[in-house]
Amino acid sequence: MSFKFEVIKECSKTGARLGRIYTPHGSFETPIFMPVGTQATVKALTPRDLKEINAQIILANTYHLYLRPGYELIRQAGGLHKFMNWDRPILTDSGGFQVFSLADLREITDEGVYFRSHLDGSKHFISPEKAIEIENALGADIIMAFDECVPYPCDYETAKDAVERTSRWARRCKAAHQREDQALFGIIQGSVFRDLRMRSLEQLLELDFPGYGIGGLSVGEPKPVMYEILEHMIPAMPKDKPRYLMGVGSPDCLIEGVIRGVDMFDCVLPTRTARTGLAMTSRGKVMLRNAPYQRDFSPLDPECDCYTCQNFSRAYLRHLVKAREILAAILISLHNVRFLIRLMEEIREAIRNDRLLEYRDSFFEKYGYNNK
Ligand SMILES: Nc1nc2cc3nc(NCCc4ccc(CCO)cc4)[nH]c3cc2c(=O)[nH]1
Ligand SMILES: [Zn+2]
């Protein structure tokens, strides 16, 4: 069995747990934040940078890599690990979300999805079997099933049809999946409807996946709605399988997700916002473009151990952002990703010491979140 998940310690007051996931490319502790490398690169960061900031597992995306450079090319390169020179674990999303959110959609049928590429308008078709074939060629350690993620808000009937289709597609993904060295996760849908969420979970549990993605969230719904769905769903999920909240997220969502029992997270937030000049720091957000930082020669975040915070001032970073220098994206991305990885390290430490709620309160107070 090349994939394994073990719970090391359970929090006495919340649904949080400390765990460890084992894969053919190494193991890592959970709860974990996974930086997103959509097109086989975490934007502006080298694999050396990622190791320096203790990134353990990164994401890549089936939809994007299928369109460019193509999965056959990556297969010829020896797979994604060799192609991008990343020898630690990789997770690939199936494209279920990207096809619906990026492509010019032509048609969704039970067979699969017909769409036009967002790059050049060329026509394509992806089925559950095709998505698995692509993910098998890319060779990630954890691969996600091909699902239908509905937008928010969504009417009940549409959400119900998407749940049924997602379950039929999950069965087809499992049947098509060959490689023993890749763990296939099912993805739970159901929008914001409690009964549909439970129905989706039950149908996927029958297929006995090694882990489960919680999909259909972080699609514009209010945070309390997301938290409520987690509170209702996670107690019904197997304790011995990882729970992966897809597309999340911001520091408050990471902490609140862990408290409710989530083990894995991913989000483009740290790198996407870095390129706009927005940094996350222990004392809240810093928009480096703003005038107050023009003569602020202090570090971006005095509590941070990253290369950016140890070597450059806010004034210098602001200059780079205003001058649209490439180094701005590099230095702020490095810091933002390190910030979330460090947050997860602190969360794991708090679980070890059984003081997660105290940690949450002190983090929110410093970061500037109003607690409720
Ligand atoms: N296969 C699959 N993949 C998903 C990826 C997702 N990603 C999200 N949310 C990401 C939202 C998101 C997008 C951009 C930014 C940057 C700052 O604006 C932050 C969050 N929700 C998601 C849901 C699914 C899903 O059901 N199925
Ligand atoms: Zn830093």
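Within each chain, residues carry numbers counting from 1 in the order of the written sequence. Labels follow written order: the first chain is A, the first ligand is 1, and so on. Per-residue local features of the predicted model are confined to residues with pLDDT of at least 70, and side-chain atom pairs are confined, for both listing and counting, to 80 or more; whole-chain, interface and lining totals are unaffected and use all residues. Working from all heavy atoms in the structure, the side-chain values ignore hydrogens and water.

## Details of the overall build of the protein chain
Part 1: Put simply, DSSP marks the helices as runs of H or I at least four residues long and the strands as runs of E at least two long, and each gets a number from the N terminus on. Assigned secondary structure in the protein chain consists of 15 helices and 16 strands.
Part 2: Relative to the compact-globule value of 21 Å for 372 residues, the protein chain shows a C-alpha radius of gyration of 20 Å, a close match.
Part 3: Its C-alpha atoms give the protein chain principal-axis dimensions of roughly 60 × 50 × 40 Å.
Part 4: For the protein chain, buried positions account for 58% of its 372 residues.
Part 5: Two residues form a contact once any of their heavy atoms are found within 4.5 Å. For the protein chain, restricting intrachain contacts to residue pairs at least 6 apart in sequence, the fraction spanning at least 24 positions comes to 66%.
Part 6: Using a 1.4 Å probe, accessible areas were evaluated by the Shrake-Rupley method; residue-level cover was limited to the displayed protein chains. As displayed, the protein chain offers around 15300 Å² of accessible surface, 50% of which is attributable to carbon and sulfur atoms.
Part 7: By the counting scheme adopted, Arg and Lys are positive, Glu and Asp are negative, and His together with the chain ends is not counted. Taken as the charge centre is NZ of Lys, CZ of Arg, CG of Asp or CD of Glu, depending on the residue. Taking the 49 positively charged and 49 negatively charged side chains of the protein chain as two groups, their mean positions are separated by 5 Å. The globule rule used for comparison is 2.2 Å times the number of residues to the exponent 0.38, while the radius of gyration itself is calculated over C-alpha atoms. The rule is simple: take the accessible area with a 1.4 Å probe, protein chains only, and divide by the maximum for that residue type; under 20% is buried, over 50% is exposed, in between is partly exposed.

## Some points on the side chain of Thr281
Part 1: Mapped onto the fold, Thr281 is located in strand β15 (residues 278-281).
Part 2: Assessed through its relative accessible area of 2%, Thr281 is described here as buried.
Part 3: At a separation of 2.7 Å, a polar atom in the side chain of Thr281 contacts the main-chain carbonyl oxygen of Gly284.
Part 4: Setting aside its immediate chain neighbours within four residues, Thr281 contacts Val286, Leu300, Asp301, His335, Phe339 and Tyr367. In protein, a polar contact requires one atom able to donate a hydrogen and another able to accept it; more generally it is a pair of N or O atoms within 3.5 Å, and residues adjacent in sequence count only if both atoms are side-chain atoms.

## A short note on the sheet that holds strand β10 (residues 142-144)
Part 1: Paired strands, as defined in this entry, are two strands with at least two bridges between them according to DSSP. One open sheet accounts for eight strands, arranged β4-β14-β13-β12-β11-β10-β6-β5; its pairing is parallel. Two strands bound the open sheet, and with one partner strand each, they are β4 (32-35) and β5 (58-61). Each strand axis lies, on average, 25° off the axis of its neighbour in the sheet, ignoring direction.
Part 2: Relative to strand β14 (residues 264-267), strand β13 (residues 243-245) is paired through two bridges, and the arrangement is parallel. Within β14, the residue paired with Leu245 across the bridge is Phe265. In this description, a line fitted to the C-alpha atoms serves as the axis of each element, helices being fitted only across the stretch in contact, and the angle between N-to-C directions of two axes falls anywhere from 0 to 180 degrees.

## Let's talk about the pairing of strand β9 (residues 123-126)
Part 1: With burial as the criterion, only one face of β9 is covered, namely that bearing His124 and Ile126; the residues Lys123 and Phe125 on the opposite face remain uncovered.
Part 2: As defined by bridge partners, strand β8 (residues 113-116) adjoins β9 across four bridges and the pair is classed as antiparallel. Bridge pairing in β9 places Tyr114 opposite Phe125.
Part 3: Connecting the antiparallel pair β8 and β9 is a turn made up of six residues, with Gly121 showing a positive phi of about 75°.

## Observations regarding the site of ligand 1
Part 1: Residues in close proximity to ligand 1 total 18 residues, the closest being Asp93, Asp147, Gly216, Leu217 and Ser218.
Part 2: One of the side-chain N or O atoms of Asp147 is found 2.7 Å from a nitrogen atom in ligand 1.
Part 3: For ligand 1, an oxygen atom lies 2.9 Å from a polar atom in the side chain of Gln189.
Part 4: The protein chains hide 78% of the 590 Å² of surface that ligand 1 would expose on its own.
Part 5: Three classes are used, and their members are as follows: Ala, Val, Leu, Ile, Met, Phe, Trp, Tyr, Cys and Pro are nonpolar, Asp, Glu, Lys and Arg are charged, and the others, Gly among them, are polar. When its residues are assigned to classes, the shell around ligand 1 shows nine nonpolar, six polar and three charged. Throughout, the term near means that a residue has one or more heavy atoms lying within 4 Å of the molecule or strand in question.

## Considering the packing of aromatic side chains
Part 1: When the centres of two rings from Phe, Tyr and Trp lie within 6.5 Å, Trp using its six-membered ring, the rings pair. Their planes under 30 degrees apart give stacked, over 60 give edge-to-face, and anything left gives tilted. Enumeration over the complete set of coordinates arrives at 16 aromatic pairs.
Part 2: With a centroid separation of 6.1 Å and 35° between ring planes, the pair formed by Tyr359 and Phe363 is classed as tilted. With Tyr359 and Phe363 both in helix α15 (residues 356-367), this residue pair falls four residues apart, about one helical turn.
Part 3: Looking at Tyr359, the relative accessible area reads 9%, which means it is buried.
Part 4: We count a charge as sitting over a ring when the NZ of a lysine or the CZ of an arginine lies within 6 Å of the ring centre and within 35 degrees of the ring normal. Looking at Lys4, its charged tip hangs above the ring of Tyr22, at a distance of 4.7 Å from the centre.
Part 5: Taking the ring centre of Phe209 as reference, the NZ or CZ of Lys174 above it sits at 5.7 Å.

## Let's talk about the coordination of the zinc ion (ligand 2)
Part 1: Any nitrogen, oxygen or sulfur atom within 2.8 Å of a metal ion counts as a donor, with the limit raised to 3.2 Å for Na, K and Ca, and since water is left out, coordination shells can look unfinished. Coordination of the zinc ion (ligand 2) by the protein comes from Cys304 (SG), Cys306 (SG), Cys309 (SG) and His335 (ND1), over a distance range of 2.1 to 2.3 Å.
Part 2: Geometry is assigned from the angles between donors: four donors with all angles from 85 to 135 degrees make a tetrahedral site, four or six donors whose opposite pairs exceed 155 degrees while the rest stay between 65 and 115 make square planar or octahedral sites respectively, and everything else is labelled irregular. Considering all four donor atoms around the zinc ion (ligand 2), the spread of angles at the metal, 97 to 119°, places the coordination shape in the tetrahedral class.
Part 3: Positions of the donor residues of the zinc ion (ligand 2), expressed as sequence spacing, correspond to C-x1-C-x2-C-x25-H.
Part 4: The buried category is assigned to Cys304, whose relative accessible area is 2%.

In short, the description is geometric, and any link to function would need to be established separately.
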